[in-house]
Amino acid sequence: MTRIIMHGCNGHMGQVITGIVANDANAQIVAGIDLRDDGHNSYPVFASLEECNVEADVIIDFASAKAEDTLVDYIKKTKIPAVICTTGLSDEQIASINEASKSVAILRSANMSLGINTLFKLLQDAAKVFASAGFDIEIVEKHHNQKLDAPSGTALALADSMKEVLDDDYFYRYDRSQLRQKRDPKEIGISAVRGGTIVGEHEVIFAGEDEVIEFKHTAHSKAVFAKGAVEAAKFLAGKPAGMYDMRDVIAAKN
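Note that the coordinates shown come from a computational prediction; the quantities given were computed from them, not determined experimentally. Positions within a chain are numbered from 1, following the residues in the order the chain's sequence is written. Owing to the predicted nature of the model, reporting of local features is limited to residues with pLDDT of at least 70; listing and counting of side-chain atom pairs is limited to 80 or more, with chain, interface and lining totals taken over all residues. Note: side-chain values were computed over all heavy atoms of the structure, leaving out hydrogens and water.

What follows covers the overall build of the protein. A run of H or I in DSSP counts as a helix once it spans at least four residues, and a run of E counts as a strand once it spans at least two, with each numbered from the N terminus. Helices and strands together make up the secondary structure of the protein, namely 7 helices and 12 strands. Computed over C-alpha atoms, the radius of gyration of the protein comes to 20 Å, within 12% of the 18 Å expected from 2.2 N^0.38 for 254 residues, which places it in the range of a compact globule. Referenced to the eigenvectors of the C-alpha coordinate spread, the extents of the protein come out at roughly 60 × 40 × 35 Å. Only protein chains enter the calculation, and the probe is 1.4 Å; a residue is then buried if its accessible area is under 20% of its type maximum, exposed if over 50%, and partly exposed in between. Counting the 254 residues in the protein, one finds 45% classified as buried. Note on contacts: a residue pair is in contact if any heavy atoms of the two residues lie within 4.5 Å. Of the contacts made within the protein by residues no fewer than 6 positions apart, 66% connect residues no fewer than 24 positions apart. Between the mean site of the 27 positive side-chain charges and the mean site of the 37 negative ones, the protein shows a separation of 1 Å. A radius of gyration in this sense is built from C-alpha atoms; the matching globule rule multiplies 2.2 Å by the number of residues raised to 0.38. Positive residues here are Lys and Arg, negative ones are Asp and Glu, while His and the chain termini are left out of the count. For the purpose of locating charges, the reference atoms are NZ of Lys, CZ of Arg, CG of Asp and CD of Glu.

The next thing to look at is the pairing of strand β7 (residues 136–143). Looking along a regular strand, one sees the side chains alternate between the two faces of the sheet. Criterion used throughout: strands pair if DSSP finds at least two bridges between them. As judged from the 7 bridges shared by β7 and strand β10 (residues 200–208), these two strands associate in the antiparallel manner. Bridge pairing links I139 to V204 in β10. Here 7 bridges tie β7 to strand β9 (residues 187–194), and the two strands are oriented parallel to one another. Bridged to V140 within β9 is S191.

Here the focus is the pattern of salt bridges. Should a side-chain nitrogen of Lys or Arg be within 4 Å of a carboxyl oxygen of Asp or Glu, the pair is scored as a salt bridge. Applying the stated criterion across every chain, the model contains 18 salt bridges. One salt bridge connects K216 with E201, and the closest N-O pair in it is separated by 3.5 Å. Taken together, the positions of K216 in strand β11 (residues 211–219) and E201 in strand β10 put the pair 15 residues apart, joining distant regions of the chain. A relative accessible area of 14% means that E201 is categorised as buried. Here D245 ties to R247 by a salt bridge, and the two come within 3.8 Å at their closest N and O atoms. Residue D245 is classed as partly exposed on the basis of its relative accessible area, which comes to 22%. A relative accessible area of 33% places R247 in the partly exposed class.

By the burial criterion, the buried members of helix α3 (residues 91–100) are Q93, I97 and A100. Along the long axis of α3, the arc covered by the buried residues comes to 65 degrees, so they all point the same way. Looking at α3, the residues exposed on the side facing more than 90 degrees away from the buried face are D91 and E92. Against the buried residues of α3 lie α2 (68–78), β5 (82–84), β6 (105–108) and β12 (242–244). Along the arc lie the directions from the helix axis toward the C-beta atoms.

Right, let's talk about the sheet that holds β11 for a bit. On the basis of which strands lie adjacent, the open sheet formed by 5 strands has the order β8-β9-β7-β10-β11 and mixed pairing. At either end of the open sheet lies a strand with only one pairing partner, and these are β8 (171–173) and β11. Each adjacent strand pair in this sheet contributes to an overall mean axis angle of 20 degrees, direction not counted. Across 3 bridges, the pairing between β8 and β9 is parallel. Paired with R173 across the bridge in β9 is G189. The axes are straight lines fitted to the C-alpha atoms, using for helices just the contacting stretch, and the angles between their N-to-C directions are given from 0 to 180°. Sheet strands in contact with helix α4 (residues 114–130) are β10 and β11, and its direction is about 170 degrees off that of β11.

What follows is the structure in structure tokens.
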């Protein structure tokens with residue numbers, strides 16, 4: 001049984017994870033951390049990590065970036081592993097997390113979906129075949145109209161995964177509106193669509209002569225990210241210090 005502290009338990013994702021863990025025989029949320037609480041959770045909720053006196057095996061972090069510095073200090077002190085899902089972190093915070101991973105196990109990924117993280121490996125295999133055959137590579141990502149950043153972190157992570165196995169001269173092209181030239185064969189085009197309530201859709205296109213191959217992932221709800229976070233927590237509990245990601249979780253299942 002993996003004992004979890006849910007950091008940001010009363011936020012949307014915290015509540016989705018609470019529901020998932022309630023039906024998981026191998027995991028239990030033993031405490032939550034949130035500034036506001038009305039007593040509706042089945043576990044005790046503390047206003048801060050410092051107040052929490054409940055023993056746990058791992059922390060799932062879906063709080064705000066403002067709370068990240070306190071979280072990092074806490075896991076360094078207690079040596080409780082943490083699955084960090086909070087986005088919008090500064091470069092300084094990311095550096096602090098990387099430094100903390102030298103003394104405690106931390107898992108952080110651009111996207112917690114098991115499907116997206118499986119796609120990383122599939123794309124690397126595909127890129128090695130199609131790029132050398134002269135196929136052009138394009139990524140189109142779609143999200144809801146409230147999303148602030150573009151392109152998405154997941155789109156960049158998909159591009160990065162392919163670039164790891166391609167020649168060094170491949171580069172990213174985000175906008176062609178000011179260009180009057182043919183497409184560079186070494187560019188990876190990344191386009192962003194914003195509209196409605198789209199949770200998240202990522203499509204990778206390999207366009208060759210007379211044939212097109214497409215890889216597509218669609219998230220119909222945020223539950224896919226919550227499920228991945230729970231699987232990551234069960235994986236991370238008891239692991240030695242180091243920086244892990246969702247690909248480690250998937251590899252452990254094979």
